[in-house]
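# Secondary and tertiary structure notes
Residue-level listing of the chains:
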Amino acid sequence: MATVTLKGNPVETSGELPAIGVEMPFFCLVKTDLSESGPADYEGKRLVLNIFPSLDTAVCAASVRRFNQEAASFDNTVVLCISADLPFAHKRFCEVEGLSDVVPLSVFRSPEFGRDFGVQLTTGPLKGLLARAVVIVDNEHRVVYSELVPEIVEEPDYAAALKVLG
């Protein structure tokens, strides 16, 4: 397990992020049209997994906007925005914000995602939601970057993540 903070208060996660060099864990998440999506949908693509607690927070929304803005500049790269929000909330948010360069995905049918990626919050007021993290995998879906953001109310290190893609 790892420990992050929420406004300075320690919160534990279900494990550790996948290590650099390992194959990304399998996942099956739900898209805004309620269809399922997994790694096979992105064969040969680099993936940025932008993982966060909820679109209904300013920092989570900012990360989705920022990755949407940056995603268009990288070839062969797909940004997956992953949270426990329902697909309807993901769809509404992306439509209202005019975001089209990210793929919003919900874990609502897949509680194992948080455990497999080590990001499920297991203590604190957000228990059951996902910690804020960024995992980047290469076109063979091997982890090349991972960041568990130490303070949930702070944004990820975009520069470090984008440098890996550059």
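The following refers to the structure shown. (Residues numbered from 1 in each chain as written. Predicted model: local features only at pLDDT ≥ 70, side-chain atom pairs only at ≥ 80, totals over all residues. Heavy atoms only, no water.)

This next bit is on helix 2 (residues 87–97). Buried within helix 2 we find P87, A89, H90, F93 and C94. Along the axis of helix 2, the buried residues cluster in a sector spanning 160°; they form a single face. Exposed and oriented more than 90 degrees from the buried face of helix 2 are F88, E95 and V96. With its phi angle positive at about 70°, G98 sits one or two positions after the end of helix 2. (Buried < 20%, exposed > 50% of the residue type's maximum accessible area, 1.4 Å probe, protein only. Helix = DSSP H or I, 4+ residues; strand = E, 2+ residues; numbered from the N terminus. Arc of directions from axis to C-beta.)

Right, let's talk about the pairing of strand 1 (residues 3–6) for a bit. Every second residue of strand 1 is oriented toward a common face, the buried set being V4 and L6 and the non-buried set T3 and T5. The pairing of strand 1 with strand 2 (residues 9–12) spans four bridges and is antiparallel. In the strand pairing of strand 2, T5 is matched with P10. Connecting strand 1 to the next strand, strand 2, in antiparallel fashion are two residues, including K7 with a positive phi near 55°. (Pairing = 2+ DSSP bridges.)

Turning our attention to helix 4 (residues 158–165). Owing to its 3.6 residues per turn, the α-helix aligns residues three or four sequence positions apart on the same side. What helix 4 keeps buried is the set Y158, A161, L162 and L165. Projected down its long axis, helix 4 carries its buried residues within an arc of 95°, all on one side. Facing away from the buried side of helix 4 by more than 90 degrees, the exposed set consists of A159 and K163.

These values are about where atoms sit, not about what they do.
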